Each structure stands twice: as structure tokens, then as C-alpha cells.
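Results of the structural survey
Here are the chains, one letter per residue:
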Amino acid sequence: MISIWKFIFLNLLLFFSNLLSSQEQNYWFRNISVENGLSQNTVLDITQDSLNYMWIATPDGLNKYDGTNFTYYPISFDFNVSGTDVRTGRIEVYGEDLWMIVRGGRLEKMALKTGDFCKYLKFNNSEIVIPPLIDLLIEDDNKIWLATRNDGVYLVNRNMDIISRFYATAPLSNKISSDKINKLFKDSTNKIWILTDNGINEIQKNHTASYLSGENIIWAEELFGNLFFGNTKEYQFVLPVNSNQFHKSNAPKYVHLSHHHKDDAMQWLGTYGQGLYLLDKKYRNNEHLVTNKNRRGTLSSNYILCIFEDSEGAIWIGTEGGGINYFDKSFRDFHFLDVQNLSKEISLYQTRAITKDKDNNLWLAADGNLIKQIDEYSFQRIKVDSLFKTENKLRINALRADKQGNIWMGTHGRGIAVINSKTNEKKVFDDEEEKKKIIWCLLEGSQDNLWAGSQSSGLISLNKSSGEVKEFSPHGADNSAVKSITRINDSLIAVGFDPGGIQLFSEKDLEFQELSKTVNRELKNVVINTLYYLNNWLWIGTSGKGLYAINLNTGKFINFGKKSGLTTNIINGIVEENSRKLWISTNEGLLRLTYEKVGDKINIEEIQQFHPANGLQGKEFIAGSYYKDTEGTIYFGGINGLNFFTPDNFKYKPEEIDVRINEVLVDNIPIKRDTNTVYLKNIQLSYNQNSLALTYSAPNYLFSDNFNYQYMLEGYDKNWINSGSRNFTSYTNLPPGDYKFKVRLNNVIHKFAPVSTMGIHIDTPFWRTWWFIFLIITLIILVIYSVYRYRLNRWMEMQKVKDKISADLHDDLGSRLTSINLLSAIYRNQKESVTKVLEDIEKEVRASSEALDEIVWNIRLTDESVEEIIAKIIRYAGEFLESADISYKIIKNENFSSVNLKMHKRRELFLISKEIINNIVRHSNAQNVTIEIRKIGNSIRLIYHDDGRGFDPQQITHRNGLVNLKKRIKNWKGQLEITSEINKGTTISISLPVDKPNLWKKFLGRN
């Protein structure tokens, strides 16, 4: 018995020998490059985080990719190539951190949640500088393996504390074969392998083991327990399961990396210059994939730098100069036939008609040719030009195979022809009339006849045996072309006109039957491209009006268009997958429609979209070019070739795809938070940040181009809003409050697709908050109360003034009147001089008048300003001095309108001035008086100077005038200065401080 490893290597030898021969390439790649937003077409490493975002390292920067948009980070990475020695930067996600080996072999880490970067220059528990790194491997938080370029391997924890070091001159427990490290590898048993330029090293519990001394090992991979180690030469080493012996086998040139695809157990070998090699689980069925500029979907570059498998099992291949090549096994579900995988003489451009004969051979009408399938990738061109007596390529619009093995052809200008699929015997049924020569569609009749739709002769019946032709045109559609025919039952067919709507035709009665008047009115001017009958529902594809479904029992119809989720209103072909799924060809790719019948209604549950990026021949498919064989394979013809596929192989499940909210922008500026937006569940904005936009995406890279979105701002929008493929939403002038932004995929219409939610709180302006309103109400109450208290105090002050006036009237004026009364009595009792008595009475009357003026002035005092008081002082001084024949001079150079003095202080200022002037007149015997009124600093200063007889200020006097004057000035914190000498006059200076403005009184209009 041949041992397992011998079996392996025999097949490996067969594998690599077979690689020398050319094979048909069965792998289709989608290219992602700078044209899609990638920062550079040289891709060094690729990884994926827990939210399914892809991270891509290029020499000039780091890229984050969500399937639609790229985010760029200015971080550069090493890219060095020396022969077969390819050394690049590295990135790896562990938990919520992205670890990077950046330019110069430096170690950095980015926290994915916050975007914060951390640079590691030294080990934490020593002063040792971290040497330039070539690779890293993270086992867990406490075991991080760092491979250096020339300094061995360090084992550290998350804090960069050195746990252990492995190097060439270390003790046996840590000794490895070389300090120059190429790669670190962890197998399925959690063993760590160190690949060096001098063999490989296995890290065991208490020691290390070295193998393959002298070999420069640069890559490692595991396949079903067998370990593969490759060098820079044309062979590799394999360590079979449960073996400790390495065995050598041939390998292709320039392989420097390998990846084991877990999904289909394929081993992918990347080379620098020779593309990709693939090996299946039996070490056979190998393929060599290289770039081919003449073929769509091949590798974009033969220089492979990295291979990564994402969480969905798709393969990402980073190349030098070619960007990323993305492969998903579902790409192989859409098989594609075009001129590039057929012989040069056969063209599949404009594949207009498809059928299969009774031996299950495929027949195609394309580019004026009739093409017959010989085997899987072998086709034969059947020459029919001479049969139709034309030197030009003949356009064939329709093909139909019958049970006898004949292939019937409807042509564009030469009527109907037939060819036997076995003998290639041909026959033409060509009417001389030009109007009968354009045939659009064919359908085998229930008897020995063939139904054909013509351009101008309506529905044609051809007797296949006799060749007899009959025409049938319904009333009202005499000049309408029949573009589509489908069978309803054994004796009834549906006929679609252009224009003219749809009618049913009885093969038994040979008569047309109209549908309901409502249907006729709806479809009267509609161009019918295709018809398909399924379970009592007639499906109609139109050119411009979308998809119709007519219930033939009730006559009711439903129309589906762009508003229903379709990508276009032009429907070219309809084929059923099963009772609840339809495949639809359009001018915008293919649609897979899942629906549910509820009574006489149809609800669309899901619409899946497929574009050229999914492996289609192109966007545009041709009307009527579709077919489904007995094995369930569906065919669609388009302008660039033919697609065929088996729907059961599809794995697309959009209801399992979450939408991520990537960014929130306020006034087109991204908001800054400690945590990246994609990790946030709630955001809080100020009241003036109420115009915002949100971007979102579904990080699924297989169908990212096909996604449509729905969104709703709960608390603002009443219903879900369809945004199509647009992945951003904006709102302006949102009122303050709490909202929930919700977004989901729109491909799932009536099912509940996963909803991503973000809470948004917009602060209420402070002037609309309860506490501010409460404060304002409180302030208003306080103002009202303050006004009340102020007026009350004013009233009380006025009452005091009135009381004082009453006392003054009683004391002053009353005493004066009493004096007058006494003088009168004296006059009566004594015979004195009348003149003397009258003079005394005159003095008392004058004094009474002055007292009365003062009392009246006190009543009006509150209405006078400081400027008016000064004017009153000047007026009083002038009148009093003039009456005493004293010359006077008053100096006032300033305006006192802005000076503030309390009411009582203004009164005191006047009374003090009055008393000083009275004293000058009565006691000074002065001839000249000077009065100066000034504002000095924060004081009002009045200076009175006379040239009278003067007095000695130091002499003790029994008069109370000066004492009272000093006391009154002191009460107002003023100053009094008296300078006087006998016979040299007197100078009196008084100074009163001004008051600070009372804003409250000013507000009330009070002084």
C-alpha cells in the first residue's frame, strides 16, 4: 500500500507538471484599484476588522474600505524586492486594535474605536530599542510574537514587556537556526514555526527544534493537517500528518506566499511574476491563473504580494501595480460565454435566441450566426447564409426546438427556416410577401404546427408537414407586430402586440379573446417585450412600463416599476426559478425577484440585483433571449455574449447584512468624538448643530454595488424613505429633541431587514429650557415686586418730606408770623417809631417768603437734576449778593448733567451754599465775592472767596453756624476747608463726592 505522503507527492508531481500546459481559466476576478478610490495600485497587505471593514496597506498609505468608499490614512509601509525576496509592511487586526509594521520596520497600533495611534519604540521593561520588524503573530493579549529582520524573535505581552527571546546564539531552550527571520506561522495545533534563511524552527514547550538547515524558507501553509514549507527555489517541503520527516517535492517558480482557502479547501500559491497557482484538496485539478489583457475578469497583475480570506470566504489578492483582485466562489455561478473562450470564427455578440435540442445540445443565434454546442466549451458554426440566398449575415430573432429534433428559426427578413439537429438538413418556409418575412418569436403548437409572431401579419400558424401558412389578426390590432407568445394551457396561448396590448388565442376555436377592459386600457399603447405564464398569473415584460402581473381568473393586474424597487422599467426576459422566484433580464443587468401570492395580490419580498461586476456579460440583455432547460439551468443572451447559471448555487442573503453608520457631519464637517462614529449608539448635538448629514454602507463586498437603502428619522419622518443606491442622508433645521435614525437595506421589501439605529439628541436652546423660562418668570416677579417696593419706599420718603415740610411750616413760617403778630402788639402798646416797626415787619415777611420758597423747592426737588441745582445756587447767589450791593463773579466751566447726586444730597448742597452766601452778606462786610463751581475727579467742589473783614478760624465762638456746617458736610462724607485772616477776607471750600449711577432708577426714569 502506498503511504499517504507518497500519494500526496505523486499527485503534487502530477500537479506541477500539468501546470506547464495551458488550461481554460475558470476563475473570474473583480478588480479594485485607484479608479475605485484606492490610494495606490500596489497592495502590500490586507486584513478585516470585527465590523467587516477591510484594511489595506499600500506603500504610501493605509486604506479603510466599506465596499463603496475608501478612507485614507497617511501611514507609509516598506516595499522591498530583491530577486525572489519580497519584504513588505504588515497589518493585522486583533480585537479592536489594528497592529502595523510600518516603514522602517517600526511597530504601531491604532485603536479602531477611537482612531488613536500608539508608536512602540522600546520594550517596556528595558531600554532595549525594538529592532526593525518583518512579521508579527498575535496569539492572545499576553503573547505577541515579533519577528525581526536580523535580530531573532521576541515574545512580548500587550504592554511590550519581554517574555522571551529566540536567537541564534541563545541557550538551547531559545536557540533558533538564524537571526534573519522571513515569516512566523501558527498551525492548527497552535504550534509556532519560525521561518528563516537557514531553515525552520519549531517552538516547543521547553526547547526549540530546527529543520531544513541551509534552506531559505519564505512561506508556510497547512492543508488537511499536512504542513507545506516553500523556499525561493523550485521545490517545497511537506510535513505529513503525524510525521516528523520532511519530504521534498517540485514547486512552481517564484512562489513566495500561500493561502489555504477554508471554504473549498483550495491552496492558493502566490508568485512574484507568475500569477497564481491553485491546488485542490486532492492535489489535482490544478490551475495557473495569469493576467490576460484581452480577457475580462483575469488577474490584473502577475506580481502577487498578499492573499487574504475574509469572513465570507472571499479571497482578496494584493498585487504590485494591479490593485486588488477580489474573488468569491459565487462568481463561478454565472458562467459566461463570449468570443474570448470560443474559437475565433465564432462570435456571440448580440446573442438573440437560445434553445436546446432533444439531446440537450445548446443552440444559439448570435451575430448573424447559428451556433451549435458540441461539448462544454466547443461550439460549431452552422452556415445558413446560402440557404437564404444572401451574401450578408442573416439575423435570426428566434429559435425553437421540437420533439422531432428540428431547430426552427425565425429570421429578420427571410421568414421561417428549419434545420435538423442530427443531419443538418435545412428547409426554408419563405412567403413572397415582404410583410411576412420578419419573424420575432416562435412557439410549438398543440398539433403539428408552429406558431410565429410576425412584424406586420399578426399571428402566423405554420403546418410543419405541409408548409401551409395561416394568418390571424384580432380586431383593432391589424397593423401590430407580435413580439411575444407564451402558452397558457394545452389549447390556449397569450399573444403580446407592439402596440396593442395582450390577447388570448384559442388553438381549438382559432379565435382571439380579449382580457378585461381595464387591462386593455392599461396596455393599449405599451410595447410588450416578453410574456411568461406561471400558476394562473401572466407576467408581462414591457419597454418602459416595467413588469405587469395579470390574474387570469379575476382580470386584475399589478404593475411593478422603479417605485417598487426595480432598477429599470425595461424588462426583456422572464424565467421562473420556482413558484415564488423569477429571474428577469433588463437593460441594467439581471434581477432575482422573490414574491408572495396573497389572494389576488402579489407582494414582492425581495429584489436581488446583479451587474457585470458579478460576472455578467454586460448590463444589457436582449428582449426574448432567454431559456430554461430541463435541469434547471437558466440562459440569458446579451449584447456581449451568453450567461448561464443554476440558481440553487446562489448564496446571497441580504437580510443578514447590517448597515453601518459611518459618519455624521454637521454643516458638512464631520463631528469629532472620542469614539469613531461607527461604534457610537448615540450622539448629542448642541441646538445650533441641527443641520446634519449621515453616511452609511453595508460592508458586504460581494454585492455592495447592488444595494439599495431605506432610512427614517424617527420623530421627524413619518415613513421609510427609499434612497436607492445613494448612501447618505441629510436633514436641515431639525427642531430640538430626541430622534432615532434608522437605516436598512431596501432589497428586502416586505421582510424585516436588520435595522441599524443611532440615537440623536439635539439640545434645546437655553432660552427654551424649563429652567430658563422659570428664571425669567421669577425675574419678572422680582421686577414687579421691586417696582412695587421702590414706589412704596418713594412714597414713604415723600411722606417724610411732607412731614418735614409740615414741621418747617409750623416751626419756621409759624414763628415768623408770630413775630409779626408780636410786633403789631408792641406797636399798639408802645409808641415807637412806625418806621422801625415796619422795617422789622418787612424783614420777617421777607424771611417768611424765603422760608416758603425753600419749602416749595423741597417739594419739587426730586424733579431737578444736579445741573438745575447748580443753576439755582448761581441764581440765588446773584439775587442775594446784588440786593446787598456786593460785586460777584461766578466761575463754572463744566456741564453737570451727567453727574449723579442723591436727592437729599442735592438739597444739602443747595442749603449749604445758601447758608454760606447768607453768612457772607450778613457778617463779612465784603465788597467782592468769587464763587467757583468745579467737578474734580469724583467730587463736586464749590469755592467761596470774599474780600471782607475775615475772622480767626481758631478762635472759639459760641455761634453754631460753622459747627452745623461741618457736621452736615461730614454726614455726606464731604470735606470743608476754611482759610481766613483778619481784614484779608475768607475762602471756604466744600467738596461732596458724587454718587455712582443707579441703573435701576435710570431704567425707571428716576434720578
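Residues numbered from 1 in each chain as written. Predicted model: local features only at pLDDT ≥ 70, side-chain atom pairs only at ≥ 80, totals over all residues. Heavy atoms only, no water.

Per the secondary structure count, the chain includes eight helices and 72 strands. Within the chain, buried positions represent 51% of all 1007 residues. Long-range pairs, those at least 24 residues apart, make up 53% of the contacts in the chain with a sequence separation of at least 6. Accessible surface, the chain: about 48,800 Å² in total, of which carbon and sulfur atoms supply 48%. (Helix = DSSP H or I, 4+ residues; strand = E, 2+ residues; numbered from the N terminus. Buried < 20%, exposed > 50% of the residue type's maximum accessible area, 1.4 Å probe, protein only. Contact = heavy atoms within 4.5 Å. Areas by Shrake-Rupley, 256 points an atom, 1.4 Å probe, with all protein chains shown as cover.)

Spatially, the five strands line up as an open sheet ordered 68-69-70-72-71, and their pairing is mixed. Looking at the sheet topology across the chains shown, the edges are occupied by strand 68 (887-892) and strand 71 (975-981). Across the sheet, the mean angle from the axis of one strand to that of its neighbour is 10 degrees, orientation sign disregarded. As judged from the eight bridges shared by strand 69 (residues 928-936) and strand 70 (residues 939-946), these two strands associate in the antiparallel manner. Within the sheet, the bridge partner assigned to Thr-930 lies in strand 70 and is His-945. (Pairing = 2+ DSSP bridges. Axes fitted to C-alpha atoms, helices over the stretch in contact; angles between N-to-C directions.)

Bringing the sheet that holds strand 55 (residues 601-610) into the picture now. If you trace the four strands from one edge of the open sheet to the other, you get 52-53-54-55, paired in antiparallel fashion. The open sheet terminates on both sides in strands that have one partner only, identified here as strand 52 (571-578) and strand 55. Mean inter-strand twist for the sheet, computed between neighbouring axes without regard to direction, equals 25 degrees. In the sheet, strand 52 pairs with strand 53 (residues 581-586) via six bridges, with the strands oriented antiparallel. Opposite Glu-576, over in strand 53, you have Leu-582 as the bridge partner.

For the coordinates displayed, the defined rule picks out 50 aromatic pairs. A centroid spacing of 5.7 Å and a plane angle of 15 degrees characterise the contact between Trp-99 and Tyr-120, whose relative ring orientation is stacked. With Trp-99 in strand 9 (residues 97-102) and Tyr-120 in strand 11 (residues 117-120), the pair connects residues that are 21 residues apart, well separated along the chain. When the ring centre of Tyr-53 is taken as reference, the NZ or CZ atom of Lys-64 above it lies at 4.3 Å. A cation sits over an aromatic face here: Lys-872 above Phe-910, 5.5 Å from the ring centre. (Phe/Tyr/Trp six-rings, centres within 6.5 Å; stacked < 30°, edge-to-face > 60°. Lys NZ or Arg CZ within 6 Å of the ring centre and 35° of its normal.)

The subject of this paragraph is the nonpolar core. Counting residues in hydrophobic clusters, the biggest one holds 90 residues, and the most contacted among them are Trp-268, Leu-276, Trp-316, Trp-539, Phe-741 and Ile-760. Built from parts of two domains, this core gets at least three residues from each of domain 1 (337-649) and domain 2 (660-765). If sequence neighbours within four positions are ignored, Leu-276 has contacts with Phe-29, Trp-268, Leu-269, Gly-270, Glu-287, His-288, Leu-289, Leu-299, Ile-304, Ile-307 and Ile-317. One finds Ile-869, Phe-880, Ile-912 and Ile-969 within the second-largest nonpolar core, a separate group that totals 30 residues. (Core = buried A, V, L, I, M, F, W, Y, C linked by side-chain atoms within 4.5 Å. Domains from an automatic or database assignment.)

It is worth spelling out helix 5 (residues 866-883) at this point. The end-to-end C-alpha distance of helix 5, which contains 18 residues, comes to 26 Å, matching closely the 26 Å that a straight helix rising 1.5 Å per residue would cover. Inspection of helix 5 places Val-866, Ile-869, Ile-870, Lys-872, Ile-873, Tyr-876, Ala-877, Gly-878, Phe-880 and Leu-881 among the buried residues, and these make up the whole buried set. One or two steps after helix 5, the chain reaches Asp-885, where phi turns positive at roughly 55 degrees. (Expected span 1.5 Å × (residues − 1).)

What follows concerns the packing of helix 6 (residues 903-924) against helix 7 (residues 961-971). Across the interface, helix 6 lies against helix 7 with an axial gap of 11 Å and an inter-helix angle of 160 degrees. When the axis of helix 6 is compared with that of helix 7, the two are roughly antiparallel. Considering the relative orientation of helix 6 and helix 7, their crossing is left-handed. When helix 6 is examined against helix 7, the residues Glu-908, Leu-911, Ile-912, Glu-915 and Ile-916 are found in contact with a partner set consisting of Gly-961, Leu-965, Arg-968 and Ile-969. A per-class count over the contact of helix 6 with helix 7 returns five nonpolar, one polar and three charged. (Parallel < 35°, antiparallel > 145°, perpendicular 65-115°, else oblique. Left-handed = near helix turned anticlockwise from the far one by under 90°. Nonpolar A, V, L, I, M, F, W, Y, C, P; charged D, E, K, R; others polar.)

Quick look at a nonpolar patch on the surface now. Side chains of Tyr-687, Phe-766, Trp-767, Trp-770, Trp-771, Phe-774, Leu-775, Ile-776, Leu-779, Ile-780, Leu-782 and Ile-784 sit close together on the surface and give an oily, nonpolar patch of about 1,300 Å² of accessible area. Along the chain, the position of Trp-767 falls in the loop between strand 67 (756-762) and helix 3 (770-829). (Patch = residues over 30% accessible without salt bridge, like charges linked within 9 Å, V, L, I, M, F, W, Y side chains within 5 Å. Salt bridge = Lys/Arg side-chain N within 4 Å of Asp/Glu carboxyl O.)

In this section: the UniProt feature "transmembrane region" (unreviewed entry) in the chain. UniProt records the feature "transmembrane region" (unreviewed entry) at residues 770-788, using the numbering of this structure. Spanning residues 770-788, this segment combines 100% helix with 0% strand, and its end C-alpha atoms are found 27 Å apart. (UniProt positions renumbered as here; feature names shortened; annotations may be inferred.)

Packing of helix 5 against helix 6 brings their axes to within 10 Å, and their N-to-C directions diverge by 15 degrees. In terms of their interaxial angle, helix 5 and helix 6 are classed as roughly parallel. As helix 5 packs across helix 6, the resulting crossing turns out to be right-handed. Facing helix 5, whose interface residues are Val-866, Ile-869, Ile-870, Lys-872, Ile-873, Tyr-876, Ala-877, Phe-880 and Leu-881, helix 6 presents Arg-906, Leu-909, Phe-910, Ser-913, Lys-914, Ile-917, Asn-918 and Val-921. Class assignment of the residues belonging to the contact of helix 5 with helix 6 gives a composition of twelve nonpolar, two polar and three charged.

This part covers unusual backbone geometry. Among all residues except glycine, the phi angle is most often negative; among peptide bonds, the trans geometry is most common. Even without being a glycine, Asn-535 presents a positive backbone phi close to 55 degrees. Its place among the elements puts Asn-535 in the loop between strand 48 (528-534) and strand 49 (537-542). In this structure, Asp-667 takes a positive phi of about 55 degrees despite not being glycine. Looking at the secondary structure, you find Asp-667 in the loop between strand 59 (660-666) and strand 60 (669-670).

Throughout the structure, instances matching the rule amount to 27 salt bridges. Between Lys-905 and Asp-995 there is a salt bridge; the shortest N-O distance is 3.0 Å. Residue Lys-905 is located in helix 6, and its partner Asp-995 is located in the loop between strand 72 (985-993) and helix 8 (999-1003); the two are separated by 90 residues in the primary sequence. A relative accessible area of 17% places Asp-995 in the buried class. A single salt-bridge network, built from bridges that share partners, covers Asp-45, Arg-90, Glu-92 and Asp-135.

In strand 65 (residues 728-731), alternate side chains face the same way, and those of Thr-729 and Tyr-731 are buried while those of Phe-728 and Ser-730 on the opposite face are not. Across four bridges, the pairing between strand 62 (residues 692-697) and strand 65 is antiparallel. Bridging from a neighbouring strand, Thr-695 pairs with Phe-728 of strand 65.

Turning our eyes to something else, we now look at the environment of His-412. Mapped onto the fold, His-412 is located in the loop between strand 37 (406-411) and strand 38 (416-420). Sequence-wise, His-412 and Lys-437 are 25 residues apart; in three dimensions their C-alpha atoms are separated by 6.7 Å. Not counting the four nearest positions on each side in its chain, His-412 is found in contact with Arg-395, Asn-397, Lys-437, Ile-438 and Trp-440. For His-412, the side chain forms a polar contact with the side chain of Asn-397, separated by 3.1 Å. (Polar contact = N/O pair within 3.5 Å; in protein donor to acceptor, adjacent residues only side chain to side chain.)

Take the environment of Thr-764 next. If you trace the backbone, Thr-764 turns up in the loop between strand 67 and helix 3. A residue is classified by how much of its surface remains accessible, and Thr-764, at 36% relative accessible area, is partly exposed. Each C-alpha atom of the pair Thr-764 and Asn-688 lies 9.3 Å from the other, and the pair is 76 residues apart in sequence. Not counting residues up to four positions away in its chain, the partners in contact with Thr-764 are Tyr-687, Pro-736 and Thr-769.

Secondary-structure assignment places Gln-710 in strand 63 (residues 709-714). At 2.8 Å, the side chain of Gln-710 forms a polar contact with the side chain of Asn-722. Of note is the side chain of Gln-710, whose polar atom sits 2.8 Å from the side chain of Arg-744. Setting aside residues no more than four positions away along its own chain, Gln-710 makes contact with Trp-720, Ile-721, Asn-722, Lys-742, Val-743, Arg-744 and Asn-746.

Among the six residues in strand 41 (residues 449-454), six count as buried, and that is most of the element. Burial along strand 41 is two-sided: Asn-449, Trp-451 and Gly-453 and Leu-450, Ala-452 and Ser-454, pointing in opposite directions, are all buried. Across five bridges, the pairing between strand 40 (residues 439-444) and strand 41 is antiparallel. Within the sheet, the bridge partner assigned to Leu-443 lies in strand 41 and is Trp-451.

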